Structures are given as C-alpha cells and as structure tokens.
Amino acid sequence: MPNKDNRFINQEGKVLMLGNEAVVRGCLEAGIGYVAQYPGTPTSDIGETFQKILREQPDLREYLVHHWAINEAVASSECAGAAWTGCRALNPMKHVGLNVASDALSVIALNGPNPGAMVIVVGADPGSLGSHQEQNERFYTWMLHFPCFEPHTPQECKDFTKLAFELSEKYDTVFEIRTSTRSAHSRGFVELEPIKKGKVKGQFERNIPKYNSLPPYAINNHIRLYERIEKIRENIPELGINRIISGSNKIGIITSGMPFGYTMEALNQLNLNDVPVLKLGMIYPLNYGEITNFIKNLDTVVIIEELEPFLEVKIGEIAQKEGIQTKIIGKKYFPKHNEFSTGLIATNLAKIFDKTPRIEMNNAIEYFNSYKEIIPSRFPTFCAGCPERATLYAILKATNHLENTVVCGDIGCFVMSFFPPQESSDLIICMSGGLSAAIGMSTKTDQKVVAFIGDSTFLHTGMAPLAEAVGYNSNVLLFIFENSWTAMTGHQDDVLRFLINQGFSIEKICKSIGVPWLHVEDSYNPKHLISSIEEALEEKGLKVIIIRRECALQAHRWRMQQIRKIEVEGKKVQRTYYHITGCQMCYECARILSCPAIRKTEEDGYETMKIDDDRCVRCGVCYEICPNTAIHKSIIDALEVEVPFREI
C-alpha cells in the first residue's frame, strides 16, 4: 500500500499542489459533505482526488460522499438535494458541462442552497485544449446569478473555495469557482489550515415557497435572488479578494485569473513598472465603488481577458452609468478566441503603450515559434488496438470509403475519427448530438446516415434520442461503442463501472426501448463486422450495432497483470506475436486501419511495414485484414496457459 498523501491529512504547513488539488483541499477545510460530478477535462481530477482521499482515509466516508454522476444536470440536482439537508456540497464540471447543468441550476439558483451551501467549479478551456469547442461560459454567471471567483494561483484556488462555501451559506446563494485548463493544472505552494469535519447527516425541512419555484413563488424567489446579489456586491471590498497594484501611468489595466499572470510578466518585459493594475478575484458581481475609484482618474483602461468581452462590457456599463469619460478598450487589441500567453499580451501592450519590445522578448517569441518547424505536427490518434479504430476500418470498407454516406459523430475518443487518415466523422455537436442530428438528417436526404455514441454518453443523454429514433423508425445506422469505460476523461471508476458490476446491459435497454434491428459485434472480428454493416445499410429504418469490446488500454493492462501473476506462480504463458514478411506496401494496415504500432521501414534495401512489439497489444486486427497475407501470427509456448482479452 503506497503512503497516504499527507497534503490532505496535515493540519498545517506549506505543500505543492495543482489548482484542482487545492480546490479539494479548500473543500476539506470548509467541511465538505457531498460531491457530485460528471467527469470532464479540466475538472476530472477533482473527483479523482476525492476518490483517492477516500481510499486512503476510509474514515472520511462517515461524512464525505463523492459520486460520479450520469450527467451534469443530475450532479447539480444531487448537490442541491444534499445542500437542502444542511450539508456543504461541491459540483465540479467543465465549461460545456455547464450547458447541460444549466436547466437544473437556473432553478437551484433561485431557490438558494440553504440551510447548507453549494459551490460549483467550472473548468473553462480557452484554446479547446481538451474540448470540442471553446465557450465563454462566464455569461452564465450573469444570467443565472452565480457570484464567481476566478483564482490565479493554487493558493487562491484553495482560499477562494473555502470562502465560497462560507458566503454561499451566509447569503443562501450558489457560488462559482471558475478555473481554466491552465489554472487547474498549474502547480504552486499552498498554505494549509485545519481540516473541518463535514456534516454526517442533516434533515430537510419543508418550505414550499423556497423550494418550489413555480407561480406564485417564482417571481418572489427571483426578487429575493436579486436582493442577495446586491448584498454580495456591496460587501465585496470587505472580502479583500480584489487587489490593486498601484502606478502613476494614466493607462491602467483590469484583469483576472490566468491573464493576470501573463499581464504582470508582459509589463515586466516591457519595463512598464508604473502601470496601475486592478486584479479581480471576483468577476461577478462587480462592486461599483471599486471599479469607479480605479478608472475615474485614468485616461484609458485596458481590459485583458480571454474569449469574449465579459468584463469589458460590464466595466464599460459602470463607466457609462457613473458618467466617467475614461476610454475602455480590450478586444480592439486582444483576440476573442484561443488562450493567451505572455508573448501575445506583451506584443499588444507594446502597441497600446507605444513601446518597442525588448530584443530578448522578440528573440524568445521567435525561439518558441521556431519549434513549430522542428517538431513535426501530428494529429491525435487512437491507441494501438483500439476497438473504435477497428470499427472505423470496417465502416470505411463497408461503405467504399463513405461513398454516399454521412457520419454523425459524437463526444468520446472517436472524436478523433475526423482526422486523417480515417476522416470519417462529418459533424460533432455535443453529448448524444450525433444521433439527434441523424434523426433530422435522415428525413431530408437519401444518403446513408450513420451515427456514433459511446456507452458513457449513452447513459449521459443518449437514451432519449434513441427512444425518438425508435418511435419514428428513423433510417439511421447507430453504432454504440460499449468499451465499458468512460475512457476519454481518464477511465474513472464512475457510475458506468458500478452498473457493469451489477449486470447492466445496453443490449437489454435497446431491446426494451424497441430497437427493431440489433446486432452485437466485436470489432476484432472485422470481416464479420463489415458483413453486418453492409446488411444494415440495405435495411430501411433504425438499425443499431453495439460494438462490445473493452477499451484496449484497460484490456491490455488487465491482461499484463494476469500474465505477471501467472509467471510469479512459476507457470509459463502462451505468447502471441505478429510480424510482417513479404509486404506488398498496399498501406491497408497503415492508412486505412492506421494502427500506430505499424510503421514503414527499410530492410535490405527494400521498403516494408514493421510491427513495433513494444506498442502492439496483440489485438490481431491487422492480421485479419491484410489483403496479401503478409502479416503472420506466431504462437510461442502454445500448450501453456492462454491469457485472452477480458470479456465484457
């Protein structure tokens, strides 16, 4: 058993933490009792950290619960229910997860979390580093009235989380901590304070006007929410979360979160040491006095923020209301897309302040950009042995490389299917959006319509569109990838795993809903799968093919663990190897299947393909599909113990 992580045990000291880990530590110091979330980058490791803590400190289970929820809306309502018993509840999600949760949160915000407290953590993703789109979800804070902290350092992640719980309970208001991919995954030192035990059990007390936001109470709750927000707005200066770096320059800067760090580095590089900077710890609501006092004696204020002009609009509104003539600029110089960097901010501040960038800065930017030429650009790809890769191969072969075929993709590892060489996803919308789009598309085109969905997404929001597709008998071929893991976010031991252990079956659900044509296939048997796809595409109406094969990473890990156990017992294990001789260089394995364990090389002056044994997981798909029988299978110690892939 590895040593316990003392960062989540010690009552004092200074430790190194990721931003996400600091959020967890802040929760422990605040007396957290309940956590629910659907995994999504960059917030997944908040849940993973809670799970690790509960494994290492099982006594915490007396009062602390962490649930991997089916989807974000379910998680939000779970947290509200826990808060309404008097518990402090945390609800992490990624930026697009807030879209899913917003239906529930719009009502929960009106009701308020008292007698407990509720804090949501939203992980933004400027630059789409781990998401299918970048979205400025800060506008939800204004629409749903979530007072929102935006931390810059791990220390602020911890402190703001702890403060958010206190204020949530005090003001009966859902609070938000907004991180980003960079702040969530940056490391810094964090000062620890005592851990507080959360509430073991609470009790819900009936209060129909508070908890039922329906007429006639909905309007009263809306009015009450505005009153709470205004109280919070008035008290922001007392919190000490916003700070001013003084300066005599008549051009000032207002910023928050990660852009604050880039801004300070940029000012230093430009030798602009006299520029006043207002660093906002809370980005909604804004205290009018703080903003007014900062901008009123300046000629120009530069708002530095990633994505759309959220702060620029609100600060411009305050200036207009107060009759302040200070010029407010931001998006005139800074882009509305992608994440920022020190170089980007420094380059644009140089224009605003009419400064010539130092030669060292230009050299650093050029040096950084030079690596774009040195490091080859590679598309993301599937792991060696991925059953989804093998499925895509079968689809390409069955449809003559998607001739007259539309593929409606979805969220999951198979988002990578739109990259070369497969290029076999035509659109991606959101979780279960592929099947929904396919339903509409199939009524208006004579093309063959194919849709994808993963098993976790099927649980998340996939059963509703499947029921509709059955009801209208939509002319769609749906592939459900049943790999038994929420793989793309890191193989969390989530509710899907619990369901599988209880005999959960997507096949039974499909039959219960009434799917008229249903096959269960193994993509490691590509010839049979190709035949089934061809048959399905000849049928009218809804067809479903369930690809039942465990995620190759997890299957290979399990297999190797079993092999090591057998070898420790002194037994021999049957070994299978695949090797290439007599290759005709047709590239079937490299460009259509495109397995990363196969590469082109040269032997004895001839080009050939070669299988890298250290990357190959022995799935055998390349052996099955080679048209020239150039891939050969060798079994070593054939009479010894065989360890096949785990069945699901």
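Before any of the text, the structure's been laid out above.
Figured I'd write up the structure that's included with this text. Just so it is clear, the model here is predicted, and its values are computed rather than measured.

Tracing the backbone shows Lys331 in the loop between β14 (327–329) and α13 (342–352). Glu305 provides the closest opposite charge to the buried, unpaired Lys331, separated from it by 5.5 Å. For Lys331, the side chain forms a polar contact with the main-chain oxygen of Leu307, separated by 2.7 Å. Not counting residues within four places of it along the chain, the set of residues in contact with Lys331 comprises Glu305, Glu306, Leu307, Glu308, Pro309, Glu312, Lys336 and Phe340.

Counted as a void, the largest pocket has a volume near 1000 Å³. Along its surface, the largest pocket is lined by 47 residues, and Gly130, Ser131, His132, Ile411 and Met488 are the ones closest to its centre. Mapped onto the lining of the largest pocket, the elements with two or more residues apiece are α4 (97–111) and α17 (455–471). Examining the composition of the lining of the largest pocket, we find that five residues originate from one element, α17, more than from any other. Here the lining of the largest pocket is built from residues that sort into 21 nonpolar, 20 polar and six charged.

The subject of this paragraph is the packing of helix α15 (residues 387–398) against helix α20 (residues 526–538). Where α15 meets α20, the closest approach of the two axes is 9 Å, and the angle between their N-to-C directions is 50 degrees. In terms of orientation, α15 and α20 fall into the oblique class. Considering the relative orientation of α15 and α20, their crossing is right-handed. Residues Thr391, Tyr393, Ala394, Ile395, Lys397 and Ala398 of α15 form the contact with α20, whose own contacting residues are Pro526, Leu529, Ile530, Ile533 and Glu534. Partitioning the contact of α15 with α20 into residue classes produces eight nonpolar, one polar and two charged.

Counting residues in hydrophobic clusters, the biggest one holds 53 residues, and the most contacted among them are Phe452, Leu477, Phe479, Ile533, Ile545, Ile598 and Ile611. Counting residues per element, this core draws most heavily on α15, at seven residues. Not counting residues within four places of it along the chain, the set of residues in contact with Ile545 comprises Leu477, Leu478, Phe479, Ile480, Trp517, His519, Glu521, Leu529, Ser532 and Ile533. Of all hydrophobic cores here, the second largest spans 38 residues; its members include Leu28, Leu90, Phe160 and Ile177.

In this section: a nonpolar patch on the surface. Taken together, the side chains of Tyr367, Tyr371, Ile374 and Ile375 make up a nonpolar region of the molecular surface, amounting to roughly 440 Å² of accessible area. By the element assignment, Tyr367 lies in helix α14 (residues 359–374).

Our focus in this paragraph is empty space enclosed by the protein. Counted according to the given criterion, the structure contains four cavities of 30 Å³ or more. Reported here for the largest cavity is a volume of approximately 140 Å³. Along the walls of the largest cavity sit 19 residues, with Gly385, Cys595, Cys619, Val621 and Cys622 positioned nearest its centre. Mapped by element, the contributors of at least two residues to the lining of the largest cavity are α15 and α23 (621–625). For the lining of the largest cavity, a count of residues per class yields 15 nonpolar, two polar and two charged. The volume enclosed by the second largest cavity comes to roughly 100 Å³. Considered class by class, the residues forming the lining of the second largest cavity number 11 nonpolar, two polar and one charged.

What counts, and where the lines are drawn
Each chain carries its own residue numbering, running from 1 in the written order of its sequence. Note on the predicted model: pLDDT of at least 70 is required for a residue's local features to be given, and 80 or more for side-chain atom pairs to be given and counted; whole-chain, interface and lining totals, by contrast, use all residues. In computing side-chain properties, one takes all heavy atoms of the structure into account and sets aside hydrogens as well as water. In this description a helix means any DSSP run of H or I spanning at least four residues, a strand means any run of E spanning at least two, and both kinds are numbered starting from the N terminus. Working definition: with a 1.4 Å probe on protein chains only, accessible area under 20% of the residue-type maximum means buried, over 50% means exposed, and in between means partly exposed. Charged residues are defined narrowly, with Lys and Arg counted positive, Asp and Glu counted negative, and His plus the chain ends left uncounted. Definition used for salt bridges: Asp or Glu carboxyl oxygen within 4 Å of a side-chain nitrogen of Lys or Arg. Side-chain atoms alone can form a polar contact between residues adjacent in sequence; in general such a contact is a pair of N or O atoms within 3.5 Å, and within protein one must be able to donate a hydrogen while the other accepts it. Two residues qualify as a contact provided that any one of their heavy atoms is within 4.5 Å of a heavy atom in the partner residue. Cavities and pockets were defined on a 1 Å grid built from protein atoms only: a cavity is a group of points that admits a 1.4 Å probe but offers it no way out, a pocket is an open group of points flanked by protein on both sides within 12 Å along at least five of seven lines, and a lining residue is one with an atom within 4 Å of any such point. Grid points are joined across faces, edges and corners, and a volume is the space filled by probe spheres set on the points. Residue type decides the class: Asp, Glu, Lys and Arg count as charged, Ala, Val, Leu, Ile, Met, Phe, Trp, Tyr, Cys and Pro as nonpolar, and the leftover types, Gly among them, as polar. Axes here mean lines fitted to C-alpha atoms, for a helix over just the part in contact, with angles spanning 0 to 180 degrees between N-to-C directions. Relative orientations are named as follows: roughly parallel for angles under 35 degrees, roughly antiparallel for angles over 145 degrees, roughly perpendicular for angles from 65 to 115 degrees, and oblique for any other angle. For a crossing to be left-handed, the near helix must be turned anticlockwise from the far one by less than a right angle; the clockwise case is right-handed. Working definition of a nonpolar core: buried Ala, Val, Leu, Ile, Met, Phe, Trp, Tyr and Cys residues. They are joined through side-chain atoms within 4.5 Å. Patches here are clusters of residues that have more than 30% relative accessible area and form no salt bridge, with a 9 Å joining cutoff for like charges and a 5 Å cutoff for nonpolar side chains (Val, Leu, Ile, Met, Phe, Trp, Tyr). The method behind every accessible area is Shrake-Rupley, applied with a 1.4 Å probe, and residues are considered shielded solely by the protein chains displayed.

Keep in mind that these numbers describe shape and distance, not what the molecule does.
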